[in-house]
Amino acid sequence: MKVKITYKPEEKETALLIIRFVSSICGGVDVRYSDRHPPFLHIYANTQKKTKN
């Protein structure tokens, strides 16, 4: 499962709360943070392990 959260800096606490919630349910979540597209910030969470085909 992949989750992408887009938020403004003033919404950071809510975004982090959502990521903690997803992590507590799914466990083993790979989380990446990005600030490439101001004024928005992004959090990417991936619960799937990468596999080779």
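Description of the structure in this document.

Details of helix α1 (residues 12-26)
In this model, α1 (15 residues) spans 21 Å end to end at C-alpha, consistent with the 21 Å of a helix rising 1.5 Å per residue. Among all positions of α1, only A15, L16, I19 and V22 are buried. Summarising the axial view, the buried residues of α1 lie within an arc of 120°, below the 170-degree limit, and thus occupy one face. Seen from the open side of α1, the exposed residues pointing more than 90 degrees away from its buried face are E13, L17, R20, F21, S24 and I25. Looking at the buried positions of α1, the neighbouring elements they touch are β1 (2-7), β2 (30-34) and β3 (41-46). Looking at the residues trailing α1, positive phi occurs at G27, about 65°.

Focus: the environment of V22
Counting through the fold element by element, V22 comes out in helix α1. V22 sits in the buried class, given a relative accessible area of 15%. Distance from V22 to V3, taken between C-alpha atoms, is 8.9 Å for residues 19 residues apart in sequence.

The rules behind the values
- Residues numbered from 1 in each chain as written.
- Predicted model: local features only at pLDDT ≥ 70, side-chain atom pairs only at ≥ 80, totals over all residues.
- Heavy atoms only, no water.
- Helix = DSSP H or I, 4+ residues; strand = E, 2+ residues; numbered from the N terminus.
- Expected span 1.5 Å × (residues − 1).
- Buried < 20%, exposed > 50% of the residue type's maximum accessible area, 1.4 Å probe, protein only.
- Arc of directions from axis to C-beta.
- Contact = heavy atoms within 4.5 Å.

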